[in-house]
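# A structural walkthrough
So the chains spell out like this:
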Amino acid sequence: MNIIFLGPPGAGKGTQAQRICEALNIPQISTGDMLRRAKKEGTPTGLRAKEYMDAGKLVPDEVIIDIVKERLAMDDLKGGYILDGFPRTVPQAEALDTFAVIDTVIELDVPDEALVRRISGRRACPQCGATYHVSMLGGRETCEKCGETLIQRADDQPKTVLNRLRVYHSETAPLVSYYEAKGLLHRVNGEGDMDAIFAEIMKALQA
Ligand code: AP5
């Protein structure tokens, strides 16, 4: 099953994509993680992406489309995958239609006020990509999966978060009607207990 996770920054796409990927034994393809890795390694793509990401803007379509196209051609995806963070614009969705067949789109719906609270408390593992909220860490500063010291993402500063939300509403939200028109969209309430949201997504995937 080829799945897209759609939703604003902080909606829980990464959190739930990791859980669903474990449950279905399929890879998670997070364009944000791929770009952060490229940035850390100082590749030409990473250096180009840095200025956009740090300002809370989208990386240009032509850059990200090529990266995803290359990734989706790899052999480990025969059993399906979750796209987390792609597509994010209508041109990206149209490009995706030319090189992939998507079975279902999960939209995680969370109001803006809750997103700002979540993002400002997020801590991320720079090694394996796991994410946590400070409220569930109980003072711990390392990743429970790989032991690496957790960090706060550069684009999780309040001013940048507001810009990311603006960009989501103008550039990415139109994808909701794009996939609704194709009959692929399942809207899931992304507020509340993480286990309950997981169960709701699994139910939508089995529908
Ligand atoms: P990306 O990394 O994709 O960031 P994003 O979409 O802004 O999403 P986030 O990672 O912020 O949020 P999430 O929905 O995954 O939430 P999470 O599960 O972590 O992209 C970063 C940047 O890369 C972009 O700004 C752009 O510059 C560039 N980029 C990437 N893809 C691109 C593309 N296709 N085109 C162009 N540019 C692109 O959860 C957030 C927090 O909430 C965590 O602390 C978590 O523990 C907590 N939480 C999760 N669920 C719950 C819950 N139910 N209740 C309470 N807290 C919760």
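Our subject is the structure that appears above.
The structure reproduced in this document is the subject of the present report. These figures come from a predicted structure and were not determined experimentally.

### Thoughts on the pairing of strand β3 (residues 81–84)
Neither face of β3 is left uncovered, since the one carrying Y81 and L83 and the one carrying I82 and D84 both have all their residues buried. Inspection of the sheet shows strand β2 (residues 28–30) paired to β3 by three bridges, in the parallel sense. In the strand pairing of β3, S30 is matched with D84.

### A few points about the sheet that holds β3
As summarised here, the arrangement of the five strands in space is β2-β3-β1-β4-β7, forming an open sheet in which the pairing is parallel. Every interior strand has two partners, whereas the edge strands, β2 and β7 (185–189), have only one. Neighbour to neighbour, the strand axes of the sheet diverge by 20 degrees on average, direction disregarded. Sheet analysis places strand β1 (residues 2–6) next to β3, joined by four bridges and oriented parallel. The residue bridging I3 from the neighbouring strand is I82, located in β3. Across the sheet, helix α8 (residues 174–181) lies against β1, β4 (104–109) and β7, angled at about 130 degrees from β7, the strand it touches most.

### Re the side chain of R122
Residue position: R122 is located in strand β5 (residues 122–124). If we skip the residues at most four places from it in the chain, R122 touches T131, Y132, H133, I151, Q152, R153, D156 and R164.

### What to know about helix α3 (residues 44–54)
By the burial criterion, the buried members of α3 are G46, A49 and M53. The buried side chains of α3 occupy one side of the element, clustering within an arc of 70 degrees when seen end-on. In α3, those exposed residues whose orientation departs by more than 90 degrees from the buried face are P44, L47 and E51. Looking at the buried side of α3, the elements it contacts are α2 (31–41) and α7 (158–172).

### Quick notes on the site of the ligand
In the vicinity of the ligand there are 33 residues, among which T15, K57, R88, R122 and R164 approach most closely. At a separation of 2.9 Å, a nitrogen atom of the ligand approaches a polar side-chain atom of Q92. In this structure, a nitrogen atom belonging to the ligand sits 2.9 Å away from a main-chain N or O atom of G192. Considered on its own, the ligand offers 1000 Å² of accessible surface; in the complex 94% of this is hidden by protein. Among the elements of the structure, α1 (13–24), α2, β6 (131–133) and α9 (194–206) are those that each provide at least two residues to the shell around the ligand. Among the elements that take part in the shell around the ligand, α2 stands out by supplying four residues, more than any other.

Conventions adopted
Residues numbered from 1 in each chain as written. Predicted model: local features only at pLDDT ≥ 70, side-chain atom pairs only at ≥ 80, totals over all residues. Heavy atoms only, no water. Buried < 20%, exposed > 50% of the residue type's maximum accessible area, 1.4 Å probe, protein only. Helix = DSSP H or I, 4+ residues; strand = E, 2+ residues; numbered from the N terminus. Pairing = 2+ DSSP bridges. Axes fitted to C-alpha atoms, helices over the stretch in contact; angles between N-to-C directions. Contact = heavy atoms within 4.5 Å. Arc of directions from axis to C-beta. Near = heavy atom within 4 Å. Polar contact = N/O pair within 3.5 Å; in protein donor to acceptor, adjacent residues only side chain to side chain. Areas by Shrake-Rupley, 256 points an atom, 1.4 Å probe, with all protein chains shown as cover.

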